[in-house]
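What follows is each chain in one-letter form.
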Amino acid sequence: MPKIVDARMELGDVTQHNLKQLRKLNSVIFPVSYSDRFYSDVLELGDLAKLAYFNDVVVGGVCCRIETEGELRKLYIMTLGCLAPYRRLGIGTLMLNHVLKIAKEDGNLDCIYLHVQVSNDEAITFYERSGFKIVGEKKDYYKRIDPPDAYVLQKDLKTKENDKTTQTSTSS
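The numbering scheme is per chain: residues are counted from 1 as the chain's sequence reads. Predicted model: local features are reported for residues with pLDDT of at least 70 only, side-chain atom pairs are reported and counted for 80 or more only, and whole-chain, interface and lining totals are derived from all residues. Here the side-chain values reflect all heavy atoms present in the structure, with hydrogen atoms and water set aside.

**With respect to the overall build of the protein chain**
For the purposes of this entry, the term helix denotes a DSSP run of H or I that reaches at least four residues, the term strand denotes a run of E that reaches at least two, and both are numbered from the N terminus. Within the protein chain, the secondary structure is distributed over five helices and seven strands. Across the protein chain, helices and strands are ordered from the amino to the carboxyl terminus as β-α-α-β-β-β-α-β-α-β-β-α. The classification of residues rests on relative accessible area computed with a 1.4 Å probe and restricted to protein chains. Under 20% of the type maximum is buried, over 50% is exposed, and intermediate values are partly exposed. Counting all 172 residues of the protein chain, 40% fall into the buried class. Carbon and sulfur atoms make up 49% of the accessible area of the protein chain, which amounts to about 10,600 Å² in all. Residue exposure ignores everything except the shown protein chains as possible cover, and the areas themselves are Shrake-Rupley values with a 1.4 Å probe.

**A word on the pairing of strand E2 (residues 49-54)**
Side chains on a regular strand alternate between the two faces of the sheet. In terms of burial, E2 is largely enclosed, as six of its six residues are buried. Of the two faces of E2, the one carrying Ala49, Leu51 and Tyr53 and the one carrying Lys50, Ala52 and Phe54 are both buried. The pairing criterion for strands is at least two bridges between them, as found by DSSP. Here five bridges tie strand E1 (residues 9-13) to E2, and the two strands are oriented antiparallel to one another. Paired with leucine 11 across the bridge in E2 is alanine 52.

**Quick look at the packing of aromatic side chains**
Only Phe, Tyr and Trp rings are paired, with Trp represented by its six-membered ring, and only when their centres lie within 6.5 Å; those with planes under 30 degrees apart are stacked, over 60 edge-to-face, the remainder tilted. Within this structure, the stated rule accounts for eight aromatic pairs. Ring geometry for tyrosine 34 and phenylalanine 38: centres 4.6 Å apart, planes at 35 degrees, overall tilted. Exposure remark for phenylalanine 38: the relative accessible area of 10% places this residue in the buried category. Each ring, one from tyrosine 76 and one from tyrosine 113, has its centre 4.7 Å from the other, and the planes form 35 degrees; the classification is tilted. Of this pair, tyrosine 76 sits in strand E4 (residues 72-82) while tyrosine 113 sits in strand E5 (residues 111-117); the two residues are 37 residues apart in sequence, bridging distant segments of the chain. The residues tyrosine 76 and tyrosine 113 share a single accessibility class, namely buried.

**Some words on the environment of aspartate 106**
Tracing the backbone through its elements, the reader meets aspartate 106 in helix H3 (residues 91-106). With relative accessibility at 31%, the residue aspartate 106 sits in the partly exposed group. Contact definition: two residues touch when any of their heavy atoms are within 4.5 Å. The contact partners of aspartate 106, leaving out residues within four places of it in the chain, are Ile66 and Arg73.

**Describing the pattern of salt bridges**
A pair is scored as a salt bridge if a Lys or Arg side-chain nitrogen falls within 4 Å of a carboxyl oxygen belonging to Asp or Glu. Inspection of every chain in the model, using the stated rule, returns 12 salt bridges. One salt bridge connects lysine 139 with glutamate 137, and the closest N-O pair in it is separated by 3.0 Å. On the basis of relative accessible area, lysine 139 is assigned to the exposed category, the value being 58%. Through salt bridges with shared partners, a single network forms among Arg8, Glu10 and Asp56.

**Looking at helix H4 (residues 121-128)**
Along an α-helix, residues three or four apart share an orientation, since each turn contains 3.6 residues. Among all positions in H4, only Ala123, Ile124, Phe126 and Tyr127 are buried. Taken around the axis of H4, the buried residues stretch over an arc of 160 degrees, which confines them to a single face. Residues of H4 that are buried in the fold lie against E4, H3, E5, strand E6 (133-138) and strand E7 (150-156). What the arc measures is the spread of directions leading from the helix axis to the C-beta atoms.

**As for the environment of tyrosine 34**
Its place among the elements puts tyrosine 34 in the loop between helix H1 (19-29) and helix H2 (36-42). Using a relative accessible area of 23% as the deciding quantity, one classes tyrosine 34 as partly exposed. Apart from the residues lying within four places of it in its own chain, the contact partners of tyrosine 34 are Arg23, Asn26, Tyr39, Met78 and Thr79.

**Overview of the sheet that holds E7**
If you trace the seven strands from one edge of the open sheet to the other, you get E1-E2-E3-E4-E5-E7-E6, paired in mixed fashion. Edge strands, defined here as strands with exactly one partner in the open sheet, are E1 and E6. Ignoring which end each strand starts from, the neighbouring axes of this sheet average 30 degrees apart. Each of E1, E2, strand E3 (57-69), E4, E5 and E7 touches H3; the most contacted strand, E4, lies at about 165 degrees to it. Interaxial angle, 0 to 180 degrees, is taken between N-to-C directions of lines fitted to C-alpha atoms, where a helix line uses only the stretch in contact.

Written as C-alpha cells, this is what we have:
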C-alpha cells in the first residue's frame, strides 16, 4: 500500500445538512441498520457525535451517549466506524481519542463501553490496544446477522483506589 503523505484528518459536527452522509456511512460500514429515531437523536448529541474527514471527504463517524445505571455514569459508544479503504490510517484512533478526551474532560464517568460482533477480530484488537477489555458476551444481540452474538468491551475510567480516595475525602 502506498504511503499517504500530508493527509489531513479532522472531525466535524453532525448537522441536519450532513446527517444523510452519516446514515449512508453507517449502512456501508455496519451490518445492522439504525432507525430514523437513532439519527434524529444523533442531532442532539453535540460533541458525542462526529464525522471523520480525510482530505475533506467523509470517511467515518462516531456516535456516543451517556448512560446512568444506578450510581454509575457510563459513556456508550453506539457506533464508531471507518470506510474499509481508509482503515489503518489513524482515523479510528482519531475518533476514539476524541471519545477518550470527552470522558476525561467530563471527569465523572466510570467507564466507556461498546458492543462488538464476536467475529470482528479487527475491531476487538483495535479497542484492546486502547485499554478496553472483553467483560461479557450478549447472546443474540444482533438480529438478522451471523454470528448474532456480541462481546461487551469496556475501559474502566475510575479505579478502586480513586473510589477510596473519593470516599475518604468526602467522609472527612
